[in-house]
Amino acid sequence: MTSTFKLYKLIILYMLNKVDFPLTNSQISEFILDEGYTTYFKLRQALAELAESGFIREESTHSRTFYHLTEEGRQTLLFFKNDISPAIQEDIDSFLREKNYELKNEVSVKSDYYRNTNREYSIHCQVIEQGVPLIDLTVTAPTEQEAETIANNWQQKNEEIYALIMSHLL
């Protein structure tokens, strides 16, 4: 493994270690690609190798992949942390400070769908706050296209839907 490729992996581990929530592929990509550290394909390879070796855990939905740091990844980072320059660490820390709310909000809203035993589609929609579901809703749609639409709309309309449900229940 080249030292630059090792650095890409350490940057990913460092980012995941600095937050208390998973990061998506696009969030990790935003930092690494915008800073010009590597190409998209090398980043994808680094993520795949980290997952394969058990340093990160992937959680995939139809539209996004979330990455979680494992204990093995945390231990590896502790061992190799000095291989990330202070300047790069500060770049990461600054990125995470500036975008913390945006990043956290983006990953706290989850939606996915799957074909159920009735040959319809179940859409699982959640808003997670501090690791606990604030709302956990499953609805059914007859077609995959409708399921995908509902899952995508949940991303934009979850606050409005949550407020409506709470106003009717309270």
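Residues numbered from 1 in each chain as written. Predicted model: local features only at pLDDT ≥ 70, side-chain atom pairs only at ≥ 80, totals over all residues. Heavy atoms only, no water.

1. Describing the sheet that holds strand S4 (residues 109-115)
Line of reasoning, step 1. Strands sit in the order S4-S5-S6 across an open sheet of three strands; the sheet is antiparallel. Here the strands that pair on one side only, and so sit at the sheet edges, are S4 and strand S6 (132-141). Neighbouring strand axes in the sheet, compared pairwise and without regard to direction, differ in orientation by 15° on average.
Line of reasoning, step 2. The strands that helix H5 (residues 86-108) touches are S4 and strand S5 (121-129); relative to S4, the one it contacts most, it runs at about 25°.
Line of reasoning, step 3. Each of S4, S5 and S6 touches helix H6 (residues 144-169); the most contacted strand, S4, lies at about 145° to it. (Pairing = 2+ DSSP bridges. Helix = DSSP H or I, 4+ residues; strand = E, 2+ residues; numbered from the N terminus. Axes fitted to C-alpha atoms, helices over the stretch in contact; angles between N-to-C directions. Contact = heavy atoms within 4.5 Å.)

2. Focus on helix H3 (residues 40-52)
Line of reasoning, step 1. Taking 1.5 Å of rise per residue, the 13 residues of H3 would be expected to cover 18 Å, and the 18 Å separating its terminal C-alpha atoms lies within 8% of that figure.
Line of reasoning, step 2. Buried within H3 we find Leu43, Ala46, Leu47 and Leu50. Taken around the axis of H3, the buried residues stretch over an arc of 95°, which confines them to a single face. Along H3, exposed side chains directed more than 90 degrees from the buried face belong to Phe41 and Glu52.
Line of reasoning, step 3. A positive backbone phi angle near 85° is found at glycine 54, which sits one or two residues after H3. (Expected span 1.5 Å × (residues − 1). Buried < 20%, exposed > 50% of the residue type's maximum accessible area, 1.4 Å probe, protein only. Arc of directions from axis to C-beta.)

3. Some details on the pairing of S6
Line of reasoning, step 1. Note: S5 against S6, nine bridges, orientation antiparallel. If you follow tyrosine 121 over to S6, its bridge partner there is alanine 141.

4. A short note on the sheet that holds strand S3 (residues 65-69)
Line of reasoning, step 1. Read from one edge to the other, the open sheet built from three strands follows the order S1-S3-S2, with strand pairing classed as antiparallel. Of all the strands in the sheet, just strand S1 (23-24) and strand S2 (56-60) have a single pairing partner and so form its edges.
Line of reasoning, step 2. Docked against the sheet, H3 engages S2 and S3, running at close to 110° with respect to S2.

5. A look at the packing of aromatic side chains
Line of reasoning, step 1. Per the stated rule, a full pass over the model turns up six aromatic pairs.
Line of reasoning, step 2. With 5.7 Å between their ring centres and 40° between their planes, phenylalanine 31 and tyrosine 37 make a pair best called tilted.
Line of reasoning, step 3. When its relative accessible area of 1% is taken as the criterion, phenylalanine 31 is described as buried.
Line of reasoning, step 4. Judged by its relative accessible area of 19%, tyrosine 37 is buried.
Line of reasoning, step 5. The interplanar angle of 85° and the centroid separation of 4.8 Å between the aromatic rings of phenylalanine 79 and phenylalanine 80 together place this pair among those described as edge-to-face.
Line of reasoning, step 6. Given the relative accessible area of 68%, phenylalanine 79 is considered exposed.
Line of reasoning, step 7. Three or more aromatic residues joined by ring pairs make a cluster, and in this case those are Phe31, Tyr37 and Phe95. (Phe/Tyr/Trp six-rings, centres within 6.5 Å; stacked < 30°, edge-to-face > 60°.)

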